[in-house]
Amino acid sequence: MGIGELDREAHVPEVTGAAAAPRTLAEALRARGDEGLAALLRARPDLLSPVPNDLTQLATRAGTRGSVVRALERLDRFALQTAEALAVAQDPTPYPVLLGLLTGDEGDAEIEAALPGAVALLREQALVWGEDDRLRLVRTARELLAPSAQHPSPTGLGPTVAEATSGMSPGRVQEIIAAAGLPATHDPVSAVAALTELFTDRDRMGALLDTASPDALSVLDRLVWGPPYGEVTAKPAAPVQWLRDHGLLLPVSPRTMVLPREVALHLRGGRAHRAPEPVAPVPRVLREYRPQVVDSAAAGQAQLALATVEELLKSWDRGGPQVLRAGGLSVRDLKRTAAALDVSEETAAFWLELCYGAGLLASDGEADERYAPTPAYDDWLDLPPAERWALLVTPWLTATRTSGLVGGQDTKGRTLSVLGPDLDRSPAPEVRHRVLGLLATLPPGSSAEPESLFARLRWERPLRGASAAEGGGDLRSQLARWALAEAELLGLTGRGALSGPARALLNLPLAEAASAGALGGGVELSVAADRAATLLAPLLPEAVDHVLLQADLTAVAPGPLRRPLADALAVLADVESKGGATVYRFTPGSVRRALDSGQTATDLHEFLKAHSRTPVPQPLAYLIDDVARRHGHLRVGAASAYVRCDDDTVLGEILADRRSSSLGLRRLAPTVLAAQTDPASLLDGLRSMGYAPAAESTTGDVLITRADAYRTGARRAPVPVPDGPPAPDTTLLGAAVKAIRAGDRAATAVRKEPAAAPAAAGGLPRTSAAETLATVQAAAMTGSAVWIGYVNAEGGASQRVIAPVRVEGGFVTAYDHTADEVRTYPLHRITGVAELADDQV
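The notes below deal with the structure included here.

Attention now moves to the nonpolar core. Judged by nonpolar contacts, the single largest core of 69 residues is most densely connected at F78, L98, L115, L195, F199, L248 and L249. Sort the elements by how many residues they give to this core and helix α6 (residues 77-88) lands first, with eight residues. Of all hydrophobic cores here, the second largest spans 66 residues; its members include L341, L354, F454 and A529.

The set of residues buried in helix α32 (residues 679-688) consists of L682, L683, G685 and L686. Along the axis of α32, the buried positions cluster into a sector of 165 degrees, meaning they face one direction only. Away from the buried face of α32 by more than 90 degrees, exposed residues D684 and S688 are located. A distance of 3.2 Å separates the backbone nitrogen of A680 from a side-chain oxygen at the start of α32, and that oxygen is part of D678.

Within this structure, the stated rule accounts for four aromatic pairs. Relative to W351, the ring of F350 lies with its centre 5.0 Å away and its plane at 55 degrees, an arrangement referred to as tilted. F350 sits in the buried class, given a relative accessible area of 4%. It is R388 that lies over the ring of W380; its NZ or CZ is 5.4 Å from the centre.

Turning our eyes to something else, we now look at the packing of helix α19 (residues 345-357) against helix α24 (residues 475-490). Relative orientation of the contacting elements α19 and α24 amounts to 70 degrees, with a least axis distance of 12 Å. Classified by the interaxial angle, the pair formed by α19 and α24 is roughly perpendicular. Contact residues: T347, F350, W351 and L354 in α19; E486, L489 and L490 in α24. Partitioning the contact of α19 with α24 into residue classes produces five nonpolar, one polar and one charged.

Take helix α11 (residues 170-179) next. Buried residues of α11: R172, V173, I176 and I177, and no others. Around the axis of α11, the buried residues are gathered within 135 degrees of arc, so they sit on the same side. Buried positions along α11 lie against α12 (188-200), α15 (238-245) and β4 (250-253). Note on α11: the residue one or two positions beyond its end, G181, has a positive phi of about 85 degrees.

For the rest of this paragraph, the subject is the pairing of strand β23 (residues 811-816). Relative to β23, strand β22 (residues 797-808) runs antiparallel, the two sharing six bridges. Bridging across to β23, E808 finds its partner in F811. The antiparallel hairpin formed by β22 and β23 contains two residues in its connecting segment, where G809 sits at a positive phi of about 60 degrees. Relative to strand β24 (residues 821-826), β23 runs antiparallel, the two sharing six bridges. Note that in β24 the partner of T813 across the bridge is T824.

A few words on the side chain of Q81. By the secondary structure assignment, Q81 is in helix α6. Within the structure, Q81 has its side chain in polar contact with the backbone nitrogen of E277 (distance 2.9 Å). Ignoring anything within four residues of it in the chain, the contact list for Q81 reads L102, H273, A275, P276 and E277.

In this section: the pairing of β4. Pairing of β4 with strand β5 (residues 256-258) involves three bridges; the strand directions are antiparallel. Counted as the bridge partner of P251 is M257 from β5. Taken together, β4 and the strand that follows it, β5, pair antiparallel across an intervening segment of two residues.

Once that is clear, we can look at the packing of helix α27 (residues 563-572) against helix α28 (residues 588-596). Packed helices, taken two at a time, are described by the angle between their axes plus the distance between the axes. Where α27 contacts α28, the axes come no closer than 6 Å and their chain directions differ by 120 degrees. As summarised for this structure, α27 and α28 are arranged oblique, according to the angle between their axes. Within the contact between the two elements, α27 uses A570, V571 and L572 and α28 uses S590, V591, R593 and A594. Each residue belonging to the contact of α27 with α28 can be placed in one class, and the counts come to five nonpolar, one polar and one charged.

Between D91 and the following residue, P92, the backbone shows a cis peptide bond with an omega angle of 0 degrees. Among the secondary structure elements, P92 is positioned in the loop between α6 and α7 (95-103). With an omega of -5 degrees, the peptide bond between G226 and P227 qualifies as cis. With respect to the helices and strands, the residue P227 is situated in the loop between α14 (214-223) and β3 (229-231).

About the criteria used
Residues numbered from 1 in each chain as written. Predicted model: local features only at pLDDT ≥ 70, side-chain atom pairs only at ≥ 80, totals over all residues. Heavy atoms only, no water. Core = buried A, V, L, I, M, F, W, Y, C linked by side-chain atoms within 4.5 Å. Buried < 20%, exposed > 50% of the residue type's maximum accessible area, 1.4 Å probe, protein only. Helix = DSSP H or I, 4+ residues; strand = E, 2+ residues; numbered from the N terminus. Arc of directions from axis to C-beta. Polar contact = N/O pair within 3.5 Å; in protein donor to acceptor, adjacent residues only side chain to side chain. Phe/Tyr/Trp six-rings, centres within 6.5 Å; stacked < 30°, edge-to-face > 60°. Lys NZ or Arg CZ within 6 Å of the ring centre and 35° of its normal. Axes fitted to C-alpha atoms, helices over the stretch in contact; angles between N-to-C directions. Parallel < 35°, antiparallel > 145°, perpendicular 65-115°, else oblique. Contact = heavy atoms within 4.5 Å. Nonpolar A, V, L, I, M, F, W, Y, C, P; charged D, E, K, R; others polar. Pairing = 2+ DSSP bridges.

Read these as geometric descriptors, not functional statements.
Given below as structure tokens:
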């Protein structure tokens, strides 16, 4: 907003019929009650940073370009169309004129019913002010929404006749009005006014168009709904030339013509928009299910989500893939993770980002940086399943990191990687809440038709998304599409319909649909998450403490296993398939893994016997005994590395095997071989040759290795990137309104200027130290208020209205009406003092 606008909106009075009509935006705000000011600050929280000193400063800040842009971006389509109509109308605009621009000549009952609400919304957000007979759009909003050659308006309208003829010669203007059948004038201003009057007179304009040829009318039809600009040749065709001669097309350059706004409005029947949308699109029902079916399906997905997260993080227990130099996971590692989870790469990216956002996964921060589970993962594993689910969906609702962007490119053309930078999109939490809230408006058990859902979101925020979209698409629609898929993966929805636990998470009624879209009622998200977990718990299958062993070296878990059994079985066997029942397979490698963890063959036999509802099959018992018999027969320790074995014939076989040549083995003693490689490589090499060596310590004891030994240091989950200032709570709003009111009373108080040294216009009062002391002492004795100029320790000057209580020791203690509290001021920092006018005391 320029200085000219500030002067105009803050100081220029207007002549109106009503004495109480506001003359400026500041006066309009001053006439509001506290609830009205709180509503403005709630809708536009950026106005609170910092809290304005008074209402004039609030009005100035509300008209700044950045704040107006943010406010316009949060308008729904019809409120925005109303503002666009005001931007193409004359300023100020009577309400009937605005209504005519939206309904046209034929009228529209839906628009007539919706327009008062749209105007009230624009007034509440200080984008429009004034009474209904003089509606004013804030100047900055008019500049942003009014049509221009550089920034076309969504209305498709062009400049007015006055704007289009501003650079035209007076002789050319006279030629146009003569061709239109108007009498000549003495100056261009009156000529333009006469032409404008002709174009806005429906009868005379209709008569003029009746004389146009069909080809000329066809040219107008192509321009009427925009864009209003068209190129012409040096010698235009006869229809175009006729339109030029009569002013129905006006030149903006030697080769470009424009359709004046008044002509376009006549051809449109008075409507500013081709398709006004006063009513929000209603999401349509795609399918209907019984709520119990939806909850069961959602619970199954929730159980699968927990299993997937466990499987992912357990596979990285010994340390996951390396972190790229630029941050994030490589494409190759993402593909490996997707293959291990048996999901698509897009889904694998979602699970990785979910774990990262929940604080269960992070980089270890070492020189050779790798990803690994955090200590919070171990705490998470100890919780009941429903609580673990709540700790996943809660950060998902508020996260701004968006896994759907993985694989795309940033503004510099670099590929976006999972767990890497530049994946934050501030609107994501709002869109997720709104998508779930719109699902809640449908009958219980109903899924929504996606396109109708996206249409509703576009109506609610038409300016959001397209400007920040990836690849030029609609970002909010993309975020909504990803939110629907992710909600299904997490079990917030079942078969596309909102589940009961999800309603609880959003603080929505469970028995019937709610119209609110986000968390409401002042309930904290953690409380709502606890309620959702309570509802989900009975729907999840109970954990079992047994498996069914089979003769083909597999074990079937008929449900989710209890934590100690699941951990032990994950070491002893490999997961072969997942689902309602998990199938584990015993292999020599998995049995060796269990023996490496410190268990003996006897321990494994007893474990299986204790937890199997079927007898231990003989092939499985033979497998365990065979691997245990060979396990530890060879010992690998650290020299560079060595191998020792009590049976020297086994060492002879290893030396004779050509596959051992890369290990650099040589015999040191009948039972000891030395190697030229490290112990870990030596272990892997011997195991690849079919042996079952065991690692030993420097004291000769067998080293016990555990798969879950590696964890990162304590890590905090990533903090969401806010979408503008946070919404203020009720306490902050009340305090801010109180402070603004107090400051405004002080700023608008009428002062008595001292006779000896009057203050300069708009400046601080200037009085001598003796006069200052005498005046504040007198005010303290009489209990009256005075106006002071004050300079703080940082050199900041301000004006305040205070009621002195005590004056002593070079300080004055007073109730500060500006700050609405008792404060103490050094007398030497008071530049001057003035009494308030009698009617202000």
